Amino acid sequence: MRHSSPWRSPAGVAILFTLLIVTALGTVPPVPAAPEAPPGAAGTAVDPGTGPSGETPAAATEPPTATTPSGGDGTPSGGTGTPASGTEKPSGGTGTAQKPPATGAGGSGSSNSVCTVRQGDTLWLVAQRHGTTVDAPKAVNNLSGDTIYAGETLRLPGGATAVSSRGGTGTALKTAGFVYGGGVVLHKVAQGETLSQIAARHGTTVEAIRNGNNLRSELIMINQPLFLRPGSPAPASVTVSAGPHGPGGAEMLDWSKARWLFGVDYTATLRDPATGREFRVKRLGGSNHADIEPLTPADTAAIKAMAGGGWTWTPKPVHVIVGGRTLAASMNFMPHQLDTIPGNGMQGHVCLHFRHSTTHVDGLERADHQAAVLRAAGLAGVSLPPGM
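Residues numbered from 1 in each chain as written. Predicted model: local features only at pLDDT ≥ 70, side-chain atom pairs only at ≥ 80, totals over all residues. Heavy atoms only, no water.

Chemist: What is the right way to look at the packing of aromatic side chains in this model?
Modeler: In this description, an aromatic ring pair is defined by two values, namely the gap between the centres and the angle between the planes. Tallied over the entire structure, the rule returns five aromatic pairs. Residues phenylalanine 227 and tryptophan 260 carry aromatic rings whose centres are separated by 6.2 Å and whose planes lie at 85° to one another, so their mutual orientation is edge-to-face. One end of the pair, phenylalanine 227, is in strand E7 (residues 225–228); the other, tryptophan 260, is in helix H6 (residues 255–261), and 33 residues separate them in sequence. One exposure class covers both phenylalanine 227 and tryptophan 260, and it is buried. (Phe/Tyr/Trp six-rings, centres within 6.5 Å; stacked < 30°, edge-to-face > 60°. Helix = DSSP H or I, 4+ residues; strand = E, 2+ residues; numbered from the N terminus. Buried < 20%, exposed > 50% of the residue type's maximum accessible area, 1.4 Å probe, protein only.)

Chemist: Could you clarify how one ought to interpret empty space enclosed by the protein in this entry?
Modeler: Unoccupied space between atoms shows up once a probe the size of one water molecule is rolled over them. All told, the structure shown has two cavities of 30 Å³ or more when counted by the stated rule. Together, Asn213, Asn214, Leu215, Gln224, Pro225, Arg259, Trp260, Gly263, Tyr266 and Arg283 line the largest cavity. Classifying every residue of the lining of the largest cavity by side-chain character gives four nonpolar, four polar and two charged. Every residue lining the second largest cavity is listed: Leu215, Arg216, Ser217, Leu219, Gln224 and Val264. Its residues assigned to classes, the lining of the second largest cavity comprises three nonpolar, two polar and one charged. (1 Å grid on protein atoms, 1.4 Å probe; cavity = no way out; pocket = protein on both sides within 12 Å on 5 of 7 lines; lining within 4 Å. Points joined across faces, edges and corners; volume = space filled by probe spheres on them. Nonpolar A, V, L, I, M, F, W, Y, C, P; charged D, E, K, R; others polar.)

Chemist: Before we go on, may I ask you to explain unusual backbone geometry in this structure?
Modeler: Most peptide bonds take the trans form, and the phi angle of most residues other than glycine is negative. Phi angles above zero are rare outside glycine, and asparagine 214 is one such case at about 55°. Summarising the element assignment, asparagine 214 is placed in the loop between helix H5 (206–212) and E7. Unlike most non-glycine residues, aspartate 265 shows phi in positive territory, near 75°. Inspection of the secondary structure assignment puts aspartate 265 in the loop between H6 and strand E9 (267–271).

Chemist: Please clarify how the pattern of salt bridges should be interpreted in this entry.
Modeler: It is possible for side chains of opposite charge to pair when their charged atoms get near one another. All chains considered together, the criterion is met by eight salt bridges. Lysine 138 is the partner of aspartate 146 in a salt bridge, and the nearest nitrogen-oxygen pair spans 3.0 Å. Its salt-bridge partner being lysine 257, residue aspartate 254 comes within 3.3 Å of it at the nearest N-O pair. For the pair aspartate 254 and lysine 257, a shared accessibility class is recorded, and that class is buried. (Salt bridge = Lys/Arg side-chain N within 4 Å of Asp/Glu carboxyl O.)

What follows is the structure, encoded as structure tokens:
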């Protein structure tokens, strides 16, 4: 009995023929790919703007508070008080741009003195630091605009030299303080107190307290420092020592000293360090920082120009000229709430912060305001003593 081979059947012949072709070509039949994971499977990123609770922040009268980072310099990134990119673009094209260093005309070989542009510098700051005008370095360096670059070498007109820093810099930094003699005590205003109550409690008069603290009204704020002579109708004699600042910067005073010099109902001249533009404001109040209003429509126009042409919460450095002194501060540009000067072209007031001032919303320092104060003082990037 003969056995038939499976390869002799039609199916066997087909299989044998296929194996011969595969062997000759050296290929293997493809394996089907696994299907992709459907959207929303494990490992898929979720929207970082929403958390498990689905809650959203509530609106506030001031922008969300950013607390000052550790280190005590109020700098949000990099320890320099400037944005992480190293670039700040003030209105009108002024300010320090970030690009590879460029050398001014003539370079260091010129007989004129030279300076190297620092991060955050403007032509106005360079001029202030070397006792000259904005137009002088522009003319010497053949500049057609106001933009300068970090690392750039600028020639300065003959005779221009760096101006020494009042209050010291570097290791000589020293915090400003109240200076008063014997028999004078410091009283910090508590919630609900009035001048008449304070005067009666300490055996003095309202007039003595007002005269000793340069008060222009009887409106006082919580935590406001007041100096008086207990048991005497004589006013206290008090001054504030000089605050530190870097070259071209204004005095840096903490809020307790700044509010004493720039009291309620005081007017002051504010200067934009980037352009030298000035305008007048009045302090209407504020216990955690100064609330201010422009005096006239022209002052409002200058404020809006400093802001870049539109209202914004983003703060900028500003110099406050009051009582013969120039103080470092930070200002935002969003009118809100209380308005006391009709016809000035602005509905509401804006905020002015000093060193260690806080918001009215939560009583915390804002890192962006503190960084701007340091820039106004010329102390951005300077290592400050603890507590300054």
